[in-house]
Amino acid sequence: MKSKGIIVVIVVILLGISILYFTTWKQSEKYSGPVEKVSMGTSTTSMLASLLHIAKQKGYFLKEGIDLEIKGYSTGKDSLEAVFKNEVDICTVADMPIVLNSFKRNDFTIFGTIVEDIEHTKCLARKDRNINTPKDIIGKKVATTIGTTAHYFMVVFFILNELDLEDVEIVDLKPAEMAKAIVNGDVDVIFAWEPNIYHVAKSLGDNAVILPGNVGYLATFNLVSKNDFIENNQQLLKKILKALIKAEEFAEDNREESVDIITAYLKTDREIIDKLWDSSEFKVSLTQAFLITLEDEARWFIKNKLTSVTEVPNYLDYIYWDALEAVKPKAVTIIH
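Criteria and cut-off values
Residue numbering note: each chain is counted from 1, following its sequence as written. Under the rules for a predicted model, residues below a pLDDT of 70 receive no local features and side-chain atom pairs below 80 are neither given nor counted, while totals for whole chains, interfaces and linings still include all residues. Only hydrogens and water are set aside; all other atoms, that is, all heavy atoms of the structure, feed into the side-chain values. Here a cavity is any set of points on a 1 Å grid over the protein atoms alone where a 1.4 Å probe fits but cannot get out, and a pocket is any open set with protein on both sides within 12 Å along at least 5 of 7 lines; a residue lines the site when it has an atom within 4 Å of a point. Grid points are joined across faces, edges and corners, and a volume is the space filled by probe spheres set on the points. Ten residue types, Ala, Val, Leu, Ile, Met, Phe, Trp, Tyr, Cys and Pro, are classed as nonpolar, four, Asp, Glu, Lys and Arg, as charged, and the remainder, Gly among them, as polar. Salt bridges are counted wherever a side-chain nitrogen of Lys or Arg sits within 4 Å of a carboxyl oxygen of Asp or Glu. Only DSSP runs of H or I with at least four residues qualify as helices, and only runs of E with at least two residues qualify as strands; both kinds are numbered from the N terminus onward. Burial classification: accessible surface area is computed with a 1.4 Å probe over protein chains only, and a residue below 20% of its type maximum counts as buried, one above 50% as exposed, and the rest as partly exposed. Nonpolar cores were defined as sets of buried Ala, Val, Leu, Ile, Met, Phe, Trp, Tyr and Cys residues, with membership established by side-chain atoms within 4.5 Å. Residue contacts are defined here by distance: any two heavy atoms, one from each residue, within 4.5 Å place the two residues in contact. Here a polar contact means two N or O atoms within 3.5 Å. Within protein one must be a hydrogen donor candidate and the other an acceptor candidate, and residues neighboring in sequence count only if both atoms are side-chain atoms. Two strands make a pair as long as DSSP finds a minimum of two bridges between them. Angles shown run from 0 to 180 degrees and are taken between the N-to-C directions of axes, each axis being a line fitted to C-alpha atoms and, for helices, limited to the stretch in contact. We call Phe, Tyr and Trp rings a pair once their centres come within 6.5 Å, taking the six-membered ring for Trp, and we label the pair stacked below 30 degrees between planes, edge-to-face above 60, and tilted otherwise. Lysine and arginine charges are scored as sitting over a ring when NZ or CZ, respectively, is within 6 Å of the ring centre and within 35 degrees of the ring normal.

*Asks:* An account of empty space enclosed by the protein is requested, with residue identities and associated values reported.
*Replies:* Taken as a whole and judged by the stated rule, the model has 1 cavity of 30 Å³ or more. Put simply, the largest cavity is a space of about 90 Å³. If you go around the largest cavity, you meet 14 residues; those closest to its centre are Gly76, Ala94, Thr149, Trp193 and Phe221. Here the residues of the lining of the largest cavity are counted per class, giving 6 nonpolar, 7 polar and 1 charged.

*Asks:* Kindly report on the pattern of salt bridges, identifying the contributing residues and their values.
*Replies:* Oppositely charged side chains may form a pair once their charged atoms are brought near each other. Taken as a whole, this structure holds 21 salt bridges when the rule is applied. Of the charged contacts, one joins glutamate 194 and lysine 122 as a salt bridge, the two residues approaching to 3.1 Å between their closest N and O atoms. Separated by 72 residues along the polypeptide, glutamate 194 in the loop between β8 (189-193) and α8 (196-204) and lysine 122 in strand β5 (residues 121-126) bring together distant segments of the chain. There is no split in this pair, since glutamate 194 and lysine 122 are both buried. Notably, a salt bridge pairs arginine 270 with aspartate 274, separated by 4.0 Å at the nearest N-O pair.

*Asks:* Got a sec to walk through the layout of surface pockets? Specific residues and values, please.
*Replies:* Taken as a whole, the largest pocket holds about 240 Å³ of empty space. In this structure, the largest pocket is lined by 14 residues; those nearest its centre are Val155, Leu165, Trp300, Asn304 and Leu306. Secondary-structure elements contributing two or more residues to the lining of the largest pocket are α6 (149-160) and α13 (288-303). Of the residues forming the lining of the largest pocket, the biggest block, 5 residues, is contributed by α6.

*Asks:* Describe the nonpolar core, with residues and values.
*Replies:* In this structure, Phe61, Ile110, Ile137, Phe157, Phe191, Leu244 and Trp277 are the most contacted members of the largest nonpolar core, which totals 97 residues. Ranked by residues supplied to this core, first place goes to helix α10 (residues 234-253) with 10 residues. If we ignore the near neighbours within four places in the chain, the residues touching phenylalanine 157 are Cys123, Pro134, Ile137, Leu163, Phe191, Leu211, Pro212, Gly213 and Val215. Ranked by size, the runner-up nonpolar core spans 14 residues in total, among them Leu173, Ala181, Ile182 and Ala208.

*Asks:* Can you lay out the environment of lysine 328 for me, pointing to particular residues and giving the numbers?
*Replies:* By the secondary structure assignment, lysine 328 is in the segment after α14 (322-327). Taking relative accessible area as the criterion, lysine 328 reaches 24% and is therefore assigned partly exposed. Lysine 328 sits 166 residues away from glutamate 162 along the chain, and the two C-alpha atoms are 42 Å apart. Sequence-distant contacts of lysine 328, that is, excluding residues within four places in its chain, are made with Ile245, Glu248 and Val284. Within the structure, the side chain of lysine 328 is placed 2.9 Å from the side chain of glutamate 248, a separation counted as a polar contact.

*Asks:* Describe in detail unusual backbone geometry, supporting the description with residues and values.
*Replies:* The omega torsion across glutamate 194 and proline 195 is 5°, close enough to zero to call that bond cis. The residue proline 195 is located in the loop between β8 and α8 in this model. A positive phi angle is found at lysine 267, which is not glycine, with a value near 55°. Residue placement: lysine 267 occurs in the loop between α11 (255-266) and α12 (270-277). Accessibility expressed as a relative area gives 74% for lysine 267, which makes it exposed.

*Asks:* Account for the sheet that holds strand β6 (residues 141-144), with residues named and values stated.
*Replies:* Strand order in the open sheet formed by 5 strands is β7-β6-β8-β5-β9, with mixed pairing between adjacent strands. Of all strands in the sheet, those with a lone pairing partner are β7 (169-172) and β9 (208-211), marking the two edges. When strand polarity is set aside, the average angle formed by the axes of neighbouring strands in this sheet is 30°. Relative to β7, β6 runs parallel, the two sharing 4 bridges. Paired with valine 142 across the bridge in β7 is isoleucine 170. This element, α6, spans β5, β6, β7, β8 and β9 of the sheet and lies at about 125° to β8. Against the sheet, helix α7 (residues 175-184) contacts β5, β6 and β8, and its axis sits at roughly 150° relative to β8.

*Asks:* Please give an account of the sheet that holds strand β3 (residues 90-94) that cites residues and values.
*Replies:* Read from one edge to the other, the open sheet built from 6 strands follows the order β2-β1-β3-β10-β4-β11, with strand pairing classed as mixed. Bordering the open sheet on either side are β2 (66-73) and β11 (280-281), each of which pairs with just one other strand. Examined bridge by bridge, strand β4 (residues 108-117) and β11 share 2 bridges and lie antiparallel to one another. Paired with aspartate 117 across the two strands is serine 280, which belongs to β11. Against the sheet, helix α2 (residues 50-57) engages β1 (36-43), β2, β3 and β4, with an angle of about 140° to β2.

*Asks:* Outline the packing of aromatic side chains, listing residues and values.
*Replies:* All chains considered together, the criterion is met by 11 aromatic pairs. Ring centres of tryptophan 277 and phenylalanine 282 lie 4.4 Å apart, and the angle between their planes is 35°; this geometry places the pair in the tilted category. Here tryptophan 277 falls in the buried class, since its relative accessible area comes to 5%. Under the relative-accessibility criterion, phenylalanine 282 is labelled buried at 10%. Of the aromatic side chains, those joined through ring pairs into one cluster are Phe84, Phe108, Tyr315 and Tyr318. It is arginine 105 that lies over the ring of phenylalanine 84; its NZ or CZ is 3.6 Å from the centre.

Okay, here's the thing in structure tokens:
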């Protein structure tokens, strides 16, 4: 019996040594080379940048040798401006600001899309202003953030509901300003993205009405940098994309933990992130559909003479697909 006890002790010791060795070996798999510092601007009011935050939280950037600093801005539009001002190296930004800036400059490049979402933007109105249908918006005071996905959603919403933008008073406000304005009654209607809509609806209670969209606008969030950064950091871009692809895989296999990560980052209620999560397709890509969206938006601006530009820019000149093709070829479906 005594010898059996000794054998058991030896087995336990050997098992402990094995576990320690395995753990040490797994840790040795982590990146141990030089670390590159990179700064990325992103919206603090949107869940479209979820893959970025998952990759940061799970250490995927560090495993690729990247010390990523995330700088928050109220919108993706502001993040893109930060790139132009050299405040950050890269940003996440929706398609609308890309189009607007393509009319006046060509010194920036898109190297990936990290999400597609068809329900991200909504129209919310105050019921006590006698608004129950899209037609009731006529003559009202409407707020949105000009030059963003919410703005473009509003434009398409008006077109599909046979409304005229000239029949309303449009106010340009940041997301936080917009929420405060409609809750205080300073505006009647807002066009904004989630989870801002959720928080406003919660504050207004029964006085909130979300008007049916049915717009079919597929919002995207994209990785953008200035041309010189793209040209000088092609290997770095591959590493960034690899980290985000790992985040994509994690989000697909670990829905609940992913929702927890984004809930904590946005400092919001878990129920709204959980509710919205499945409407977003979190994937790293560069698709033909995205290219068509850019062209359609540009065409609309030109048609309505909202720009002095008379021809749709060649958006192939604004896209760098080599890095993504190198790490995930199937993710690139743009015809080029």
